[in-house]
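# Breakdown of the fold
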Amino acid sequence: MTTIALLASLAVLIYAASYLAVCAVSPWGRCRRCHGRRSHRTTIGTRRDCPRCDGTGIRVRTGRRLIDHIRTEYRDGIR
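One structure accompanies this document, and this report is about it.

Procedures and definitions
Residues numbered from 1 in each chain as written. Predicted model: local features only at pLDDT ≥ 70, side-chain atom pairs only at ≥ 80, totals over all residues. Heavy atoms only, no water. Patch = residues over 30% accessible without salt bridge, like charges linked within 9 Å, V, L, I, M, F, W, Y side chains within 5 Å. Areas by Shrake-Rupley, 256 points an atom, 1.4 Å probe, with all protein chains shown as cover. Salt bridge = Lys/Arg side-chain N within 4 Å of Asp/Glu carboxyl O. Helix = DSSP H or I, 4+ residues; strand = E, 2+ residues; numbered from the N terminus. Buried < 20%, exposed > 50% of the residue type's maximum accessible area, 1.4 Å probe, protein only. Disulfide = S-S within 2.5 Å.

### So, a nonpolar patch on the surface
Taken together, the side chains of Tyr 15, Tyr 19, Leu 20, Leu 66 and Ile 70 present a nonpolar region at the surface, about 490 Å² in accessible area. Of all the elements in the fold, those that place two or more residues in the nonpolar patch are helix H1 (2-25) and helix H2 (62-77). It is H1 that provides the largest number of residues to the nonpolar patch, a total of 3 residues. Accessibility expressed as a relative area gives 32% for Leu 20, which makes it partly exposed.

### A closer look at the state of the cysteines
Across all of its chains, the model carries 0 disulfides by this definition. Distance from the sulfur of Cys 23, which forms no disulfide, to the nearest cysteine sulfur (Cys 31) is 16 Å. Using a relative accessible area of 0% as the deciding quantity, one classes Cys 23 as buried. Its sulfur unpaired, Cys 50 is 3.8 Å from the next cysteine sulfur, which belongs to Cys 53.

### Remarks on the pattern of salt bridges
Here the structure, examined in full by the defined rule, presents 2 salt bridges. Arg 64 serves as the salt-bridge partner of Asp 68, at 3.4 Å between the closest nitrogen and oxygen. Of this pair, Asp 68 and Arg 64 both sit in helix H2, separated by 4 residues, roughly a single helical turn. Its relative accessible area of 30% is what places Asp 68 among the partly exposed residues. Given a relative accessible area of 17%, Arg 64 falls into the buried group. Across the salt bridge formed by Arg 71 and Asp 68, the nearest N and O atoms sit 3.6 Å from each other.

### Observations concerning unusual backbone geometry
The phi angle at His 35 is positive, at roughly 60 degrees, despite the residue not being glycine. Secondary-structure assignment places His 35 in the loop between strand E1 (28-30) and strand E2 (39-41). Backbone geometry places Asp 54, a non-glycine residue, at a positive phi of 60 degrees. Topologically, Asp 54 is positioned in the loop between strand E3 (47-49) and strand E4 (58-60).

Next up, the structure:
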């Protein structure tokens, strides 16, 4: 039983480490609302710039925000 729990926790740690590595290399992802198309349809059928990404079609990944937060806290702590 402990072997299964150990393997499961190891798999979660490997997944988290690989996600943080991807976020460090490629910090931008497609916008979730407009799916990278830069605009979306309104309820009456017209197109507008996406308010979430301001019409850029990209967003900062959550892992990159975490990396930046940790880096900022570390930098402020050693000053």
